[in-house]
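# Coordinates in review
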Amino acid sequence: MPEQEPYEPERAIAGTGMGGTMDLGASEAVTLAQPPGPDGADPRDKPRSLWTDAWHDLRRNPVFIISALVILFLIVISIWPSLIASGSPLKCDLAKAQEGSQPGHPFGFNGQGCDVYTRTVYGARTSVAVGILATLGVALLGSVLGGLAGFFGGGGDAVLSRITDIFFAIPVVLGGLVLLSVITSNTIWPVIGFIVLLGWPQISRIARGSVITAKQNDYVQAARALGASNSRLLLRHIAPNAVAPVIVVATIALGTYISLEATLSFLGVGLKPPSVSWGIDISSAAPYVRNAPHALLWPSGALAITVLAFIMLGDAVRDALDPKLR
């Protein structure tokens, strides 16, 4: 009589499909009960979050890759402009005014005899700094006010809605001409403060609507029923699921803020000489466009490429974070 195998707890019994049974090991039983997915992934793996899926899509989006590389290059030369420009943007020689490209000066000279290449490189620092700092201020102020109004509702929400209506009625350029014309400071902070002052209502509306939608979800209601405080509901359950639209709008708006700074500087109420800005260079080159078009072409092209890169980045992020576009 053959010796009986000892009972092993890790063994399992599985049906053969023909009325019988067969012995399987634990790993074989799991494999039979849970076949691998179509891409070979283990079905027991943790599901990916929205942010993981978004990053997975962004890495394969050529629009995101190109725009991110351009923005990375702009940030690098904004921090270390001397890497690609050895001269001083304030060094000018009137004897070379309006001259074209020369060895060591590939973009030529403007109407004051300043090197257009050096000023274009150093102008990126101002535009990128204004865009990033203004976007951070707008996103922070708008998200806090809009998120609190959407979460608590009531009279505060109604008052905030009327205040945003008032700000939406103010023309941006006209408001800049009025407010910045009385400020004598020659730094970037008045321009940043003006952009934050008139830019937060848009983010506030987006954040308010996103929070109102998120707080109606079942997981928020379950957390509230379990006794979660308002601060925990906002920071732990609502904010992570309501921040995606704010990020998308803020990323696209960043390019708009860079363009706004250049517009205000062109009109003479933003940054003023001796500050280096693409808007200032475009304004100074406009009267000489027939004799020295290169002085207008290069700063204008740099501004257009920068704004386009941030807009393309915002579009790519929007496509990745919006489940309806998948």
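Residues numbered from 1 in each chain as written. Predicted model: local features only at pLDDT ≥ 70, side-chain atom pairs only at ≥ 80, totals over all residues. Heavy atoms only, no water.

## A short note on the packing of aromatic side chains
Basically, it comes down to this: Here the aromatic set is Phe, Tyr and Trp, taking the six-membered ring for Trp, and pairing holds for ring centres within 6.5 Å; pairs whose planes are under 30 degrees apart are stacked, those over 60 apart are edge-to-face, and all others are tilted. The rule is simple: take the accessible area with a 1.4 Å probe, protein chains only, and divide by the maximum for that residue type; under 20% is buried, over 50% is exposed, in between is partly exposed. Secondary structure follows DSSP: runs of H or I at least 4 residues long count as helices, runs of E at least 2 residues long count as strands, and numbering of each begins at the N terminus.
Applying the stated criterion across every chain yields a total of five aromatic pairs. Taken together, a centroid distance of 6.3 Å and an interplanar angle of 90° make the contact between W55 and F64 edge-to-face. With a relative accessible area of 46%, W55 lands in the partly exposed category. Seen from their ring centres, F107 and Y117 are 5.1 Å apart, and the 80° between their planes marks the pair as edge-to-face. Of the two residues, F107 is situated in the loop between α3 (62-79) and α4 (116-152) and Y117 in helix α4; the sequence distance between them amounts to 10 residues. Site record: aromatic cluster; members linked through ring pairs are F107, Y117 and W298.

## Quick word on a nonpolar patch on the surface
Heads up, the rule is: Like-charged residues within 9 Å of one another, or nonpolar side chains (Val, Leu, Ile, Met, Phe, Trp, Tyr) within 5 Å, are grouped into patches, provided each residue has over 30% relative accessible area and no salt bridge. All accessible areas in this document rest on Shrake-Rupley with a 1.4 Å probe, and a residue is counted as covered only by the protein chains that are shown. Definition used for salt bridges: Asp or Glu carboxyl oxygen within 4 Å of a side-chain nitrogen of Lys or Arg.
A cluster of nonpolar side chains, contributed by F73, I75, I79, W80, L83, I84, I132, L133, L136 and W189, occupies part of the molecular surface with about 990 Å² of accessible area. Elements represented by at least two residues in the nonpolar patch include exactly α3 and α4. Positionally, F73 belongs in helix α3. Residue F73 is classed as partly exposed on the basis of its relative accessible area of 45%.

## So, the state of the cysteines
Rule in force here: Any two cysteine sulfur atoms within 2.5 Å of one another count as a disulfide.
One pass over the structure, following the stated rule, counts one disulfide. Here C92 connects covalently by a disulfide to C114, the sulfurs 1.7 Å from one another. Disulfide C92 to C114: torsion about the S-S bond roughly 75°, handedness right-handed. Within this pair, whereas C92 is found in the loop between α3 and α4, its partner C114 is found in the loop between α3 and α4, the two being separated by 22 residues in sequence. Take C92: its relative accessible area is 38%, and that puts it in the partly exposed class.

These values are about where atoms sit, not about what they do.
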